[in-house]
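Here are the chains, one letter per residue:
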Amino acid sequence: MNGKYGRKPLQRHNKPEPEARTASYVIGRNAVSELLKSGRDIDKIYIKKGERTGSVTVIAAEAIKRGIPVIDAENSKLDFMACGQPHQGVVASAAVKDYATVDDMLKLAEDRGEKPLIVIADGIEDPQNLGALIRAAECAGAHGIIIPKRRAVGLTDTVGKASAGAVEYVPVAKVANLAQTVDELKEKGLWIFAAEAGGTPFYKTDMSCPAVIILGSEGFGVSRLLKDKSDFIISIPMYGKINSLNVSAAGAVVLNEAARQRHS
């Protein structure tokens, strides 16, 4: 798999055995219908459990057609998201910025005359962590962040604020299948590095190549499937009594080492 960037042989190391109110909400049937017509990126649409009549059916069908997750929700959850406004059984969570594509990220790297440096955030659910990770990625000169469509936070207001404005400069893509995306990036010549315990110290790993760095969720880390697809497992040695950093802090450490190698 040489691909565009020519995945040249690197020294490989043996991998270990695989081991709120935060969004920009659009409330009510008419408002959500208009949001769908606008073409704006939508993270999820929440519909009251058992409510599948009239215009709600049309909303759900259009969302499914566009690949937008439709979530059955208790009325109490909808009340909370709507802050007391009449929601008519429908609330949409809209992104604060339109999503990019993976090709947009590769094009950005090409336009800058740089080898791609892309981050995959595998199931990060905390908006503060995702926002801080976007900020770290921007500071390290990364060309984009890829997040999954399901079981992860999207580009909410809180994510935007936590990024300290970095969300305006870092492309974020949302994909249906992270494993398939990893395969496609490998075909294009990028090398895959999963940040997990038990791997090679990150500072002993050559990340100056076209690279994808995978960072796992707060509770579960990088999924076994993505670890199996990775070329390298890299770790941050821990010397204190706490045995891990949160994902945004870990991302900042690894990404800045990748940036140092590229610019040294």
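Just so you know, these numbers come straight off a predicted model, no measurement behind them.

Chemist: Outline the overall build of the chain, listing residues and values.
Modeler: Helix and strand counts for the chain stand at 9 helices and 10 strands. Relative to the 2.2 N^0.38 estimate, which gives 18 Å for 264 residues, the radius of gyration of the chain is 20 Å and therefore close to what a compact globule would have. The dimensions of the chain, computed from C-alpha atoms along their principal axes, are 60 × 45 × 35 Å. A burial count over the chain gives 50% of its 264 residues as buried. When the accessible surface of the chain is summed, it comes to about 12,900 Å², and 49% of that surface belongs to carbon and sulfur atoms. If the 35 positive side-chain charges of the chain are averaged to one point and the 31 negative ones to another, these points end up 1 Å apart.

Chemist: Can you explain the packing of helix H5 (residues 127-139) against helix H9 (residues 247-263)? Please cite residues and give values.
Modeler: Interaxial distance between H5 and H9 falls to 8 Å at its minimum, and their mutual angle equals 10°. Taken as axis vectors, H5 and H9 run roughly parallel relative to one another. Of the residues in H9, those in contact with Asn129, Ala132, Leu133, Ala136 and Ala137 of H5 are Val247, Ser248, Gly251, Ala252 and Leu255. Class assignment for the residues of the contact of H5 with H9 results in 7 nonpolar, 3 polar and no charged.

Chemist: Hey, could you go over the pairing of strand S7 (residues 172-175) for me, with residue numbers and the actual values?
Modeler: Neither face of S7 is left uncovered, since the one carrying Val172 and Lys174 and the one carrying Ala173 and Val175 both have all their residues buried. For the segment spanning strand S6 (residues 144-148), helix H6 (residues 157-162) and S7, crossover handedness is right-handed.

Chemist: Account for the packing of helix H1 (residues 29-38) against helix H2 (residues 55-65), with residues named and values stated.
Modeler: The N-to-C vectors of H1 and H2 enclose an angle of 30°; their axes lie 10 Å apart at closest approach. Relative to H2, the element H1 is oriented roughly parallel. At the point where H1 passes H2, the crossing takes the left-handed sense. On H2, the residues that touch Arg29, Val32, Ser33 and Leu36 of H1 are Ser55, Val56, Ile59, Glu62 and Ala63. Here the residues of the contact of H1 with H2 are counted per class, giving 5 nonpolar, 2 polar and 2 charged.

Chemist: Explain the sheet that holds S7 to me, using residue names and the numbers behind them.
Modeler: Pairing within the open sheet is parallel, and its 6 strands lie in the order S7-S6-S5-S9-S8-S10. Edge positions in the open sheet fall to S7 and strand S10 (232-235), since each of these has one partner strand only. Geometrically, the sheet is characterised by an average inter-axis angle of 35° between neighbouring strands, direction not taken into account. In terms of strand pairing, S6 meets S7 through 4 bridges, oriented parallel. Looking at the pairing, Ile145 lines up with Val172 of S7. Seen against the sheet, H9 touches strand S5 (117-122), strand S9 (211-216) and S10 and runs at an angle of roughly 165° to S9.

Chemist: Go over the nonpolar core with me, naming the residues and quoting the values.
Modeler: By size, the foremost hydrophobic cluster in this structure holds 37 residues, and its most contacted members are Ile134, Ile145, Phe193 and Ile213. Within the residue set of this core, elements represented by two or more residues are S5, H5, S6, strand S8 (191-201), S9, S10 and H9. Sorting elements by how many residues they give to this core places H9 first, with 5 residues. Leave out the neighbours within four places in its chain, and Ile134 touches Ile145, Leu155, Val159, Ser163, Ala166, Val167, Val170 and Val172.

Reading guide: rules and limits
Residues numbered from 1 in each chain as written. Predicted model: local features only at pLDDT ≥ 70, side-chain atom pairs only at ≥ 80, totals over all residues. Heavy atoms only, no water. Helix = DSSP H or I, 4+ residues; strand = E, 2+ residues; numbered from the N terminus. Rg over C-alpha atoms; globule rule 2.2 N^0.38 Å. Buried < 20%, exposed > 50% of the residue type's maximum accessible area, 1.4 Å probe, protein only. Areas by Shrake-Rupley, 256 points an atom, 1.4 Å probe, with all protein chains shown as cover. Lys, Arg positive; Asp, Glu negative; His and termini not counted. Charge placed at Lys NZ, Arg CZ, Asp CG, Glu CD. Axes fitted to C-alpha atoms, helices over the stretch in contact; angles between N-to-C directions. Parallel < 35°, antiparallel > 145°, perpendicular 65-115°, else oblique. Contact = heavy atoms within 4.5 Å. Nonpolar A, V, L, I, M, F, W, Y, C, P; charged D, E, K, R; others polar. Right-handed = clockwise from strand over helix to strand, strands pointing away. Left-handed = near helix turned anticlockwise from the far one by under 90°. Pairing = 2+ DSSP bridges. Core = buried A, V, L, I, M, F, W, Y, C linked by side-chain atoms within 4.5 Å.

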